[in-house]
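What follows is the residue order along each chain.
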Amino acid sequence: MKENIIPHDYQISRKDRQSNNQHNSFLIWFTGLSGSGKSTIANVVEQKLFEKGIKTYTLDGDNIRKGINCDLTFAPEDRKENIRRIAEISNLMIDAGVVTLAAFVSPYKKDRLNIKSIVKDDNFVEIYVNTSVEECERRDTKGLYKKARAGEIKNMTGISAPYEAPENPDVEIKTEGVSVEDAANKIVEYILPKLKLLSNE
Ligand code: ADP
């Protein structure tokens, strides 16, 4: 099947869209335990970028797991497929010239490496939202830890499924020692230079 898919040569390229937008497009990937603060921080980062006139979009469990990935469970194979599809969607968004934020637990190192290989290294910014499982369980924003302890949820990352922490994230946020505002500022500071188009582009 694949050999019969011949790409059409479109006249408007990723570079054209980026130059129209006056900024680069790439993926900002937030990884960390459930309740660690990924969506909270991503939301503030997006607002800060939006205010600067940057084209943005945020992918998260709500708009992905309830829609395109509603057929997937939390078993390792399905988690892998979940991440693969999100990476492919992110790649299209990057192509469309949009700075894409993605907030997903994404507990497996090899799945995160797979994202990187799909969108390419230069387009991937990894943010490790590092909050201890004890603190996440104390917050228990969605009541998932309580359910996991009661055995109602299987494969709960941090409780009954592993979380493989990134070794070299681009930015690490230890939320137990920093405010949401400071965390978002640290991330924006990191990505501002990446937004700049090279003068010959
Ligand atoms: P995730 O998206 O990682 O599952 P959420 O962002 O939904 O996590 O929930 C994180 C919770 O922790 C929110 O209720 C947020 O207000 C709270 N929180 C407390 N301190 C921080 C902090 N420094 N950074 C991020 N979130 C924090």
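Further up the page is the structure itself.
Residues numbered from 1 in each chain as written. Predicted model: local features only at pLDDT ≥ 70, side-chain atom pairs only at ≥ 80, totals over all residues. Heavy atoms only, no water.

### What about the overall build of the protein chain?
Of the regular secondary structure elements, the protein chain holds eight helices and five strands. Put simply, the protein chain runs from its N terminus to its C terminus through helices and strands in the order α-β-α-β-α-α-β-α-β-α-α-β-α. Since a compact globule built from 201 residues should have a radius of gyration of about 17 Å, the 18 Å found for the protein chain is in line with a globular shape. Judged by the C-alpha coordinates and their principal axes, the protein chain covers about 55 × 45 × 30 Å. Buried positions account for 44% of the 201 residues belonging to the protein chain. The contacts in the protein chain between residues at least 6 apart in sequence include a share of 77% that link residues at least 24 apart. (Helix = DSSP H or I, 4+ residues; strand = E, 2+ residues; numbered from the N terminus. Rg over C-alpha atoms; globule rule 2.2 N^0.38 Å. Buried < 20%, exposed > 50% of the residue type's maximum accessible area, 1.4 Å probe, protein only. Contact = heavy atoms within 4.5 Å.)

### Structural notes on the pattern of salt bridges
Scanning all chains against the criterion turns up 11 salt bridges. Measuring nitrogen to oxygen at the nearest pair gives 3.6 Å for the salt bridge that ties Asp62 to Lys66. For the pair formed by Asp62 and Lys66, the shared burial category is exposed. The closest approach of N and O atoms between Arg85 and Glu81, which form a salt bridge, is 2.8 Å. Taken together, the positions of Arg85 and Glu81, both in helix α4 (residues 76-95) and four residues apart, correspond to about one turn of that helix. Through salt bridges with shared partners, a single network forms among Asp71, Glu81, Arg84 and Arg85. (Salt bridge = Lys/Arg side-chain N within 4 Å of Asp/Glu carboxyl O.)

### Considering the layout of surface pockets
In this model, the largest pocket occupies a volume close to 930 Å³. Surrounding the largest pocket, 36 residues form its lining, Ser34, Lys38, Val105, Lys142 and Leu144 being those nearest its centre. When contributions to the lining of the largest pocket are tallied by element, the ones reaching two or more residues are α2 (38-51), α3 (61-65), α4 and α8 (180-195). (1 Å grid on protein atoms, 1.4 Å probe; cavity = no way out; pocket = protein on both sides within 12 Å on 5 of 7 lines; lining within 4 Å. Points joined across faces, edges and corners; volume = space filled by probe spheres on them.)

### Considerations on the site of the ligand
Gly35, Lys38, Ser39, Thr40 and Val178 are the nearest of the 15 residues found near the ligand. Here an oxygen atom of the ligand sits 3.0 Å away from a polar atom, N or O, in the main chain of Gly37. Arg139 places a polar side-chain atom, nitrogen or oxygen, 3.2 Å from an oxygen atom of the ligand. In isolation the ligand offers 570 Å² of accessible surface; the protein chains occlude 76% of this area. When atoms are counted within 2 Å of each cavity's grid points, the one that captures over half of the ligand is the largest pocket. When its residues are assigned to classes, the shell around the ligand shows four nonpolar, eight polar and three charged. (Near = heavy atom within 4 Å. Polar contact = N/O pair within 3.5 Å; in protein donor to acceptor, adjacent residues only side chain to side chain. Areas by Shrake-Rupley, 256 points an atom, 1.4 Å probe, with all protein chains shown as cover. Sits in = over half its atoms within 2 Å of the grid points. Nonpolar A, V, L, I, M, F, W, Y, C, P; charged D, E, K, R; others polar.)

### Observations regarding the nonpolar core
Grouped together as the largest cluster of nonpolar side chains are 23 residues, with contacts concentrated most on Ile28, Phe30, Ile41, Val45, Leu49, Ile127 and Ile187. For this core, the elements supplying multiple residues, two or more each, are β1 (27-31), α2, β3 (99-103), β4 (124-130), β5 (171-174) and α8. Ranked by the residues each element gives to this core, the list is headed by α8, at six residues. With sequence-adjacent residues up to four places away left out, Ile28 is seen in contact with Leu49, Val99, Thr100, Leu101, Ala102, Val125, Ile127 and Ile191. (Core = buried A, V, L, I, M, F, W, Y, C linked by side-chain atoms within 4.5 Å.)

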